[in-house]
Amino acid sequence: MPGHSFTEQLDIPLLLVILFFLFFLGLVYYLRGEDKREGYPLESDRTLGTGGRMKVVGFPPIPAPKVFRLMHGGTVMAPRPEPARELAAFSAYEFPGSPIMPSGDPLVDGIGPASYALKSDTPDLTVDGSLKLTPLRNHPHYRLEETGIDPIGMRVVTRDGFDVGTVADVWINAHEYFPRYLEIDANVESGGRRVLAPFAFANIRKGLGIVRFGQLTRSQFSRIPPLASADQITMREEDRLNGYFAGGAFYDGSPTEDALS
């Protein structure tokens, strides 16, 4: 009876193929673990039904926390130990994965298109450590291009046609040299404070001398999220502010043309 040897069926090319597949499987396992540093464990009815004992993470499990050192000092950990942002919302229907409905003011609470992430509550910095977003009043060596439109001093009008204030200053990206926000001095009827509005949402009408924000009504404008500091904006405040304007048209219907159109 002829004998059979294992090595007769195993040569170097076959061994390399086996090693490649083992390496590839290990790589997939590693990458699937690393992409669970954000967003896990998942929110699930199983978690609620077990009183928080069931953690929905799938396979592979969440990796051990890793500390990342930031360029300008400090550290951040992933997975993050901070709890997720609580939403003022409820499920529209009684089945898993049903859409959520806001239980209060969706713009203020940051629901749906007005949602925002809990980014770092520190300002965005340039490579040399200076503020990336800054008002022109603090940097007289910056100026707006003469061939463009200078909105400072223009009236600000909301979707429903009300004057809500005047443009007091322009905030620029000092690293890439373009405007990012308009600082608005709101009148008493609109809150009587200074607020920021994203430049991308502004409709500047030079002939009428106005800046129109077609996303918000006057009542919504008076509830624009404030800044903690008058001369700087944090990355978390940025995300919330842009979400507020982005969600304005969705929750109050399509923008309507007013008498100024």
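Small disclaimer: the values here were computed from a predicted structure and weren't measured.

### Re the nonpolar core
Membership of the largest hydrophobic core comes to 28 residues, with the highest contact counts inside it found for L182, I184, F213, F221, I224 and F245. By residue number, the principal contributor to this core is strand β7 (residues 163–173), which donates five residues.

### With respect to the layout of surface pockets
Empty space among the atoms becomes visible once a probe the size of a water molecule is rolled across them. Volume-wise, the largest pocket comes out at about 1,800 Å³. G39, E82, P83, A84 and R85 are the residues nearest the centre of the largest pocket, which is lined by 50 residues in total. Among the elements of the structure, α2 (45–49), β2 (75–78), β3 (89–91) and α5 (235–251) are those that each provide at least two residues to the lining of the largest pocket. Of the residues that constitute the lining of the largest pocket, the class distribution is 27 nonpolar, eleven polar and twelve charged.

### Remarks on the pairing of strand β1 (residues 66–69)
As defined by bridge partners, β1 adjoins β2 across four bridges and the pair is classed as antiparallel. The residue of β2 that forms the bridge with V67 is M77. Linking two consecutive strands that pair antiparallel, namely β1 and β2, is a turn of five residues; a positive phi of about 100° is found at G73 within it.

### Some words on the pattern of salt bridges
The full count for this structure, using the stated rule, is 14 salt bridges. The salt bridge partner of R37 is E34, with a shortest N-O separation of 2.8 Å. Judged by relative accessible area, which is 9%, R37 ranks as buried. If you follow the salt bridges from partner to partner, you end up with R137, D169, E183, R194 and D231 in one network.

Rules used in this analysis
- Residues numbered from 1 in each chain as written.
- Predicted model: local features only at pLDDT ≥ 70, side-chain atom pairs only at ≥ 80, totals over all residues.
- Heavy atoms only, no water.
- Core = buried A, V, L, I, M, F, W, Y, C linked by side-chain atoms within 4.5 Å.
- Buried < 20%, exposed > 50% of the residue type's maximum accessible area, 1.4 Å probe, protein only.
- Helix = DSSP H or I, 4+ residues; strand = E, 2+ residues; numbered from the N terminus.
- 1 Å grid on protein atoms, 1.4 Å probe; cavity = no way out; pocket = protein on both sides within 12 Å on 5 of 7 lines; lining within 4 Å.
- Points joined across faces, edges and corners; volume = space filled by probe spheres on them.
- Nonpolar A, V, L, I, M, F, W, Y, C, P; charged D, E, K, R; others polar.
- Pairing = 2+ DSSP bridges.
- Salt bridge = Lys/Arg side-chain N within 4 Å of Asp/Glu carboxyl O.

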